[in-house]
Amino acid sequence: MNNKQILIVHPFLKFTRNKNNYFLSEAENLVQAINLECVESSLIGLEKISPNTFINKGNLIIFKKKLQDAGVDIVFFNVNLSPIQQRNLENELNAKVIDRTGLILEIFGSRAKSNEGKLSVELASLQFQKSRLVRSWTHLERQRGGAGFMGGPGEKQIESDKRQLTEKINRLKKKIKKIVSIRDLQRYRRIKNKIPVISLVGYTNSGKSTLFNKLTKSDVLSKNMLFASLDSTIRKSFFNNTNFLFVDTVGFISDLPTTLVDAFKSTLDEIIYSDLILHIRDISNSNYLEQKKDVLKILREIGIDMNDARILDVINKVDLIKSDRILHNSFDKNSIYISALKGNGIENLKKKIYEKIIY
Ligand SMILES: Nc1nc2c(ncn2[C@@H]2O[C@H](COP(=O)(O)OP(=O)(O)OP(=O)(O)O)[C@@H](O)[C@H]2O)c(=O)[nH]1
Ligand SMILES: [Mg+2]
């Protein structure tokens, strides 16, 4: 099957300190995650952001030519666009334009398997749509200059769309709440049974599911793609004469859209109630340090401080790098170095988990 072709644009403000190569490679991985083939990716430096088209006229003309030469009709803008910017760009470029939140929502939508996962993605999409309605509405109002058109047909339409979305959102929230209350009960039983819970968190593709499978002898999908696992899975593992429960969670990425963090809040709550949080890090990735910052930022969003004593850094994929680099890095005595794939360091990790939980 031929993958659909796409061009990637990463616009950035020239005067800001930026990590463009990080963002560009993240963008390339994102489009790959949904089986789009990136023909070309470009950085576009801006003096300022255009409220109408995000990038300026000059860049638009150059980029339109590029698009025509490549014979491609989808563009991924690796930023969040306002509805007006998106519409204008589509008109100017004569192509479909997807922005960052839109693409991540598409990926999540294609990956969700469990009932809760599907409902959460749907909730995120509706919340995204609703925020767009509100934004275009304020835009319209500004255009009218508040000249007393209150109650006009445009406003009514938007209001009724908004109301319908709100109703759908509330219905979904209720359904999710039901599922969550079952989980709360399970959590309560676990606490009563005193089974310690260990969450695996980390940047997407860092190897969480691979480690999870190793520790719990399971068969969760682990694959070289972003957001392979969306639904958090809980399994038992028995070692050192003790039962443990491991939780595999959705992978993180820089600026994970807040609608998604919100919608997955109940799944992510599992992390909050854990006795131990293993932060799985891919040492072979050139953006190793940036990824850590992004993960800690999202943890903070869900209420876990970076200095939380429950966080243990697990440095994964050591089989891919030269051992002297590990030695160089190993001054951090609190980290554990492993290869989830080959099995190096797993026994040591289990020992550390046991010690951390028991003492
Ligand atoms: N060489 C090597 N590859 C690894 C190791 N651990 C995981 N991988 C590979 O990295 C890729 C991603 O692994 P996953 O376990 O799916 O990663 P994840 O963190 O669960 O990713 P998401 O669910 O997408 O967030 C797969 O191709 C794994 O085979 C490791 O220790 N060494
Ligand atoms: Mg996974």
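What you see is a predicted model, and the numbers here were worked out from it, not measured in a lab.

Peer 1: Can you walk me through unusual backbone geometry in this structure?
Peer 2: Most peptide bonds are trans, and most residues other than glycine sit at a negative phi. For asparagine 35, which is not glycine, the phi torsion reads 60 degrees and is therefore positive. With respect to the helices and strands, the residue asparagine 35 is situated in the loop between helix 1 (20-32) and strand 2 (36-46). Backbone geometry at asparagine 240 places phi at a positive 50 degrees, although glycine is not the residue there. Note on placement: asparagine 240 falls in the loop between strand 6 (233-239) and strand 7 (242-248). Looking at asparagine 240, the relative accessible area reads 39%, which means it is partly exposed.

Peer 1: It is not clear to me how the packing of helix 7 (residues 208-216) against helix 12 (residues 346-358) should be interpreted in this structure. Could you clarify?
Peer 2: The description of two packed helices rests on the angle between their axes and on the distance between the axes. Relative to each other, helix 7 and helix 12 sit at 80 degrees, their axes nearing to 12 Å. The orientation of helix 7 relative to helix 12 falls into the category roughly perpendicular. Contacts between helix 7 and helix 12 pair Leu211, Lys214 and Leu215 from the former with Ile346, Leu349 and Lys350 from the latter. In terms of residue class, the contact of helix 7 with helix 12 is made up of 4 nonpolar, no polar and 2 charged.

Peer 1: How should I be thinking about the sheet that holds strand 2 in this particular structure?
Peer 2: Pairing between the strands of a sheet is mediated by backbone hydrogen bonds and can be parallel or antiparallel. On the basis of which strands lie adjacent, the open sheet formed by 4 strands has the order 2-1-3-4 and parallel pairing. Single-partner strands in this sheet number two, and they are strand 2 and strand 4 (96-99). Between one strand and the next, the sheet's axes are offset by a mean angle of 25 degrees, whatever the strand orientation. Relative to strand 4, strand 3 (residues 74-77) runs parallel, the two sharing 4 bridges. In the strand pairing of strand 4, phenylalanine 77 is matched with aspartate 99.

Peer 1: Could you clarify how one ought to interpret the site of ligand 1 in this entry?
Peer 2: In the vicinity of ligand 1, 23 residues are found, and the nearest of them are Lys208, Thr210, Ala228, Ser229 and Asp319. Asparagine 205 places a main-chain nitrogen or oxygen 2.9 Å from an oxygen atom of ligand 1. Contacts to ligand 1 include serine 209, whose side-chain N or O atom sits 2.9 Å from an oxygen atom. Considered on its own, ligand 1 offers 660 Å² of accessible surface; in the complex 91% of this is hidden by protein.

Peer 1: What exactly am I supposed to notice about the sheet that holds strand 9 (residues 311-316) here?
Peer 2: Read across the open sheet, the 6 strands follow the order 6-7-5-8-9-10; overall the sheet is mixed. The open sheet has two edge strands with one neighbour each: strand 6 and strand 10 (336-337). Bridge count for strand 9 against strand 10 is 2 bridges, and the pairing is parallel. Opposite valine 314, over in strand 10, you have isoleucine 336 as the bridge partner.

Peer 1: When you look at helix 4 (residues 100-111) in this model, what are you seeing that I'm missing?
Peer 2: Count 3.6 residues to each turn of an α-helix, and residues three or four apart come out pointing the same way. The first and last C-alpha atoms of helix 4 sit 17 Å apart over 12 residues, in line with the 16 Å expected at 1.5 Å per residue. Taken across its 12 residues, helix 4 has 9 buried, putting it largely inside the fold. Among the residues of helix 4, those classed as buried are Arg100, Thr101, Gly102, Leu103, Ile104, Leu105, Ile107, Phe108 and Arg111. N-capping of helix 4 is provided by aspartate 99, with a side-chain oxygen placed 3.0 Å from the backbone N of glycine 102.

Peer 1: Before we go on, may I ask you to explain the domain arrangement of the chain in this structure?
Peer 2: The figure often quoted for interface size is the accessible area lost as the parts come together. When cut into domains, the chain gives domain 1 (4-105), domain 2 (112-173) and domain 3 (195-358). Taken together, the contact pairs 9 residues of domain 1 with 8 residues of domain 2. Both sides together, the interface formed by domain 1 and domain 2 hides about 670 Å², and carbon and sulfur atoms give 69% of it. Interface area lost by domain 1 to domain 2 is led by Pro83, Ile84 and Leu105, which between them contribute 67%. Taken together, the connections running from domain 1 to domain 2 amount to 0 salt bridges. On the surface where domain 1 and domain 2 come into contact, there are 0 residue pairs in polar contact (both at pLDDT 80 or more). Only helix 3 (83-93) and helix 4 provide two or more residues apiece to the side of domain 1 that touches domain 2. Taken together, the residues of the side of domain 1 that touches domain 2 break down into 4 nonpolar, 4 polar and 1 charged.

Peer 1: Which parts of the structure should I look at to understand the packing of aromatic side chains?
Peer 2: To describe a pair of aromatic rings, one takes the distance between the centres and the angle between the planes. The full count for this structure, using the stated rule, is 5 aromatic pairs. A centroid spacing of 5.6 Å and a plane angle of 35 degrees characterise the contact between tyrosine 22 and phenylalanine 23, whose relative ring orientation is tilted. Tyrosine 22 gets classed as buried once you look at its relative accessible area, which sits at 3%. Look at phenylalanine 63 and phenylalanine 77: their rings are 6.5 Å apart centre to centre, the planes differ by 70 degrees, and that puts the pair in the edge-to-face class. Here phenylalanine 77 lies in strand 3 and phenylalanine 63 lies in helix 2 (residues 57-70), a separation of 14 residues in the sequence. A relative accessible area of 2% means that phenylalanine 63 is categorised as buried. An aromatic cluster is built from Phe239, Phe244 and Phe246, whose rings are joined through pairwise contacts. Geometry around tyrosine 288 places arginine 281 over its ring, the cationic atom sitting 4.1 Å from the centre.

Criteria and thresholds
- Residues numbered from 1 in each chain as written.
- Chains lettered and ligands numbered in written order.
- Predicted model: local features only at pLDDT ≥ 70, side-chain atom pairs only at ≥ 80, totals over all residues.
- Heavy atoms only, no water.
- Helix = DSSP H or I, 4+ residues; strand = E, 2+ residues; numbered from the N terminus.
- Buried < 20%, exposed > 50% of the residue type's maximum accessible area, 1.4 Å probe, protein only.
- Axes fitted to C-alpha atoms, helices over the stretch in contact; angles between N-to-C directions.
- Parallel < 35°, antiparallel > 145°, perpendicular 65-115°, else oblique.
- Contact = heavy atoms within 4.5 Å.
- Nonpolar A, V, L, I, M, F, W, Y, C, P; charged D, E, K, R; others polar.
- Pairing = 2+ DSSP bridges.
- Near = heavy atom within 4 Å.
- Polar contact = N/O pair within 3.5 Å; in protein donor to acceptor, adjacent residues only side chain to side chain.
- Areas by Shrake-Rupley, 256 points an atom, 1.4 Å probe, with all protein chains shown as cover.
- Expected span 1.5 Å × (residues − 1).
- Domains from an automatic or database assignment.
- Buried area = accessible area lost by both parts, 1.4 Å probe.
- Salt bridge = Lys/Arg side-chain N within 4 Å of Asp/Glu carboxyl O.
- Phe/Tyr/Trp six-rings, centres within 6.5 Å; stacked < 30°, edge-to-face > 60°.
- Lys NZ or Arg CZ within 6 Å of the ring centre and 35° of its normal.

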